[in-house]
Each structure stands twice: as C-alpha cells, then as structure tokens.
Amino acid sequence: QVQLVESGGGLVQAGGSLRLSCTASGSIFSFNALGWYRQAPGAQRELVATITRGGITNYADSVKGRFRISRDIAKNTLYLQMDSLKPDDTAVYYCNTNPFWAGYWGQGTQVTVSS
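In short, a report on the structure. Nothing here was measured: the structure is a model prediction, and the numbers come from that model.

**A word on unusual backbone geometry**
Here comes step 1: Residue Pro99 is bonded to the preceding Asn98 through a cis peptide linkage, with omega at 5 degrees.
Here comes step 2: Mapping Pro99 onto the fold places it in the loop between strand E9 (91–97) and strand E10 (109–114).
Here comes step 3: In this structure, Asn76 is a non-glycine residue whose phi angle is positive, near 50 degrees.
Here comes step 4: Its location among the elements puts Asn76 in the loop between strand E7 (67–72) and strand E8 (77–82).

**As for the state of the cysteines**
Here comes step 1: Applying the stated rule across the entire model yields one disulfide.
Here comes step 2: At a sulfur-sulfur separation of 1.8 Å, the disulfide partner of Cys22 is Cys95. Its S-S torsion of about 50 degrees marks the bond between Cys22 and Cys95 as right-handed, since a negative value means left-handed. Taken together, the positions of Cys22 in strand E3 (residues 18–24) and Cys95 in strand E9 put the pair 73 residues apart, joining distant regions of the chain. By the burial criterion, Cys22 is buried, and Cys95 matches it.

**Considering the pattern of salt bridges**
Here comes step 1: Inspection of every chain in the model, using the stated rule, returns four salt bridges.
Here comes step 2: Residue Arg66 is joined to Asp89 by a salt bridge in which the shortest nitrogen-to-oxygen separation is 2.7 Å. Taken as a pair, Arg66 in the loop between strand E6 (57–59) and E7 and Asp89 in the loop between E8 and E9 lie far apart in primary sequence, 23 residues in all. Taken individually, Arg66 and Asp89 each receive the classification buried, so the pair is uniform in this respect.
Here comes step 3: Each of Arg38, Glu46, Arg66 and Asp89 takes part in salt bridges that share partners, so that together they form one network.

Rules behind the numbers
Residues numbered from 1 in each chain as written. Predicted model: local features only at pLDDT ≥ 70, side-chain atom pairs only at ≥ 80, totals over all residues. Heavy atoms only, no water. Helix = DSSP H or I, 4+ residues; strand = E, 2+ residues; numbered from the N terminus. Disulfide = S-S within 2.5 Å. Buried < 20%, exposed > 50% of the residue type's maximum accessible area, 1.4 Å probe, protein only. Salt bridge = Lys/Arg side-chain N within 4 Å of Asp/Glu carboxyl O.

Structure (structure tokens):
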C-alpha cells in the first residue's frame, strides 16, 4: 500500500519561501504524473502544480512564476519550491498522483503565510 508523507510546511511572512517535500513509500513516482494540491479553510481542494512522467510541469495561474514542482525519482520524493509567498497561499498542501487517487491522500502539511 502506497503512503505519501508531506513535510516542510510552516509559518512564514509574506514574501518568504518554503520548500515542501513529499515522500512515497512505493515507487509510484516512476509511473505516474504527480501533483501538489492545497486546501484552504472553507474552500475546495485545488490542484496547484503538476509534473508529467516526462517531466513537463504546469501551474495554476495563481502560483505561476512563484512555485516550482520537481521530483527525485531515485528518492521517491516530490518537491514544491514556493517563493514570494502570499497570505492567499495559506492552506494545507498535499501531494498525490494526477489525476488523484483517493486512497493516496496523506495528512498534508500546513502552510501559513502572515501579512
């Protein structure tokens, strides 16, 4: 059974940076497109960044130019570099395949951006 564990969240001031990591217990990163999702309080979960099996990346308009998704297949780890953070980026961040598989949701990591 695959487990995804997110880490790297925290409290940061607006304009700051964080780097999130997502480690998988199995080698799903070799065979699937992947994504970072986030869910703000009272909002639906949204997809913010994706990376295909071939390494092509795509971003939601709200984070384009500020976030960067990457992966280390050998380490079964997915990353999200977040720069120029804004209070609107405050959310719980999750990784999953893209499209997501319900059974893969982990606990997420909280990102809080203060103004």
